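Summary of the model geometry
Chain by chain, the residues run as shown.
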Amino acid sequence: MRDWWRALAELMLPGECAGCGAPRTVLCEECRRAVCRGSPRPVRPGSAPDGLPPVWAAVPYADAVRSVLLAHKERGALPLAAPLGEALAGAVRAALAGAAPDAAPDAGADPGALGEAAARDGPVVLVPVPSARSAVRRRGHDPARRIALAAAAVLRGAGTPARTAAVLRQRRAVADQAGLPAAARLANLGGALELRPGGAHLLPVRGRLLVVDDVTTTGASVAEAARVLRKAAETKGTPVPFAAAVVAGSPTFFA
């Protein structure tokens, strides 16, 4: 109920743009373009963790994009999930196009054609990297899950049979990743995730499985999520995640 009232208040009484501070709008057109009209590309940290699948990012994590993501995540600006979901859907499309047999990566591939191909291959299932339970309580929502739901809706609207499967959870407490160097982030998250009880039943027996998140810098969170899903594939016969997609990646990936 709290989420509903918060979203309604922001829609009816917009304060300022989350990206640049322009008055009387949740997100101005210029910042919306910065978020939604990027050129998704494959990104990879210099010291990629073991097991990291191919990762596609929609935009660099900088400037207005960074401000919008933080406003959604930390300040509960829930209407921003829609444009962030649009950006994530673009990264998912790029991952699907880049993984097609004998196909060169094409971030601008026709969504209808991708939808037809996905329908033949089975559903596209987005598995969000979960937030810590304490963070969800503090924020009042799970940002990556909310963005994933918005992205799946965008993909379905373009003809791609997509859905989310929030099947992961943290099995132990982890430290705040902010400020930790890459090696410490890997150690912090190693073995931290597991399948939710009954989670394997929510995964498809066939289809295209992607790990999704709002931001990646070191790849530690994505690699840990992929590890759990690969283990499920070995024991439950579910698909192996073929790629990951995120809204934003470290600006160094786009240099």
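Look up: the structure comes first, before these words.
A few points on the structure. (Residues numbered from 1 in each chain as written. Predicted model: local features only at pLDDT ≥ 70, side-chain atom pairs only at ≥ 80, totals over all residues. Heavy atoms only, no water.)

Time to look at the overall build of the protein chain. If you tally the helices and strands in the protein chain, you get nine helices and eight strands. Counting all 255 residues of the protein chain, 50% fall into the buried class. Considering only contacts in the protein chain between residues 6 or more positions apart, those separated by 24 or more positions represent 72%. When the accessible surface of the protein chain is split by element, carbon and sulfur atoms take 54% of a total near 12000 Å². (Helix = DSSP H or I, 4+ residues; strand = E, 2+ residues; numbered from the N terminus. Buried < 20%, exposed > 50% of the residue type's maximum accessible area, 1.4 Å probe, protein only. Contact = heavy atoms within 4.5 Å. Areas by Shrake-Rupley, 256 points an atom, 1.4 Å probe, with all protein chains shown as cover.)

Moving on, we come to the nonpolar core. By size, the foremost hydrophobic cluster in this structure holds 44 residues, and its most contacted members are L69, L80, V92, L126, L210 and V247. At the level of elements, α2 (29–36), β2 (55–60), α3 (63–74), α4 (81–99), β3 (124–128), α7 (143–157), β7 (208–216) and β8 (243–249) are the ones that each hand at least two residues to this core. In contact with V92, other than residues within four places in its own chain, are V124, L126, L155, L210 and A245. Listed in part, the 25 residues of the second largest apolar core include L52, V127, L229 and F253. (Core = buried A, V, L, I, M, F, W, Y, C linked by side-chain atoms within 4.5 Å.)

For the rest of this paragraph, the subject is the pairing of β3. Most of β3 sits inside the fold, with five of its five residues counted as buried. In this sheet, strand β4 (residues 162–164) lies alongside β3 in parallel orientation, the contact comprising three bridges. In the sheet register, V124 faces β4, and the bridge partner there is A162. In this sheet, β7 lies alongside β3 in parallel orientation, the contact comprising five bridges. Among the inter-strand pairings, P128 is bridged to a residue of β7, identified as V212. (Pairing = 2+ DSSP bridges.)

Looking now at the side chain of S250. Note that S250 resides in the segment after β8. Apart from residues no more than four positions distant in its own chain, S250 is found in contact with T216 and T217.

For the rest of this paragraph, the subject is the environment of L155. Structurally, the position occupied by L155 is in helix α7. Through-space distance from the C-alpha of L155 to that of R93 is 8.3 Å; in sequence the pair is 62 residues apart. For L155, the residues in contact, after removing those within four places along its chain, are A89, V92, R93, L126, T160 and A162.

As for its placement among the helices and strands, V222 is situated in helix α9 (residues 220–236). By relative accessible area, which is 2% here, V222 ends up buried. Residues V222 and V129 lie 93 residues apart in sequence; the distance between their C-alpha atoms is 6.9 Å. Those residues within four positions of V222 in sequence are excluded, and the remaining contacts are L52, P53, V55, V211, T216 and A244.

A surface patch of positive charge is lined by R133, R137, R145 and R196. Residue placement: R137 occurs in helix α6 (residues 133–139). On the accessibility criterion, R137 (59% relative accessible area) is exposed. (Patch = residues over 30% accessible without salt bridge, like charges linked within 9 Å, V, L, I, M, F, W, Y side chains within 5 Å. Salt bridge = Lys/Arg side-chain N within 4 Å of Asp/Glu carboxyl O. Lys, Arg positive; Asp, Glu negative; His and termini not counted. Charge placed at Lys NZ, Arg CZ, Asp CG, Glu CD.)

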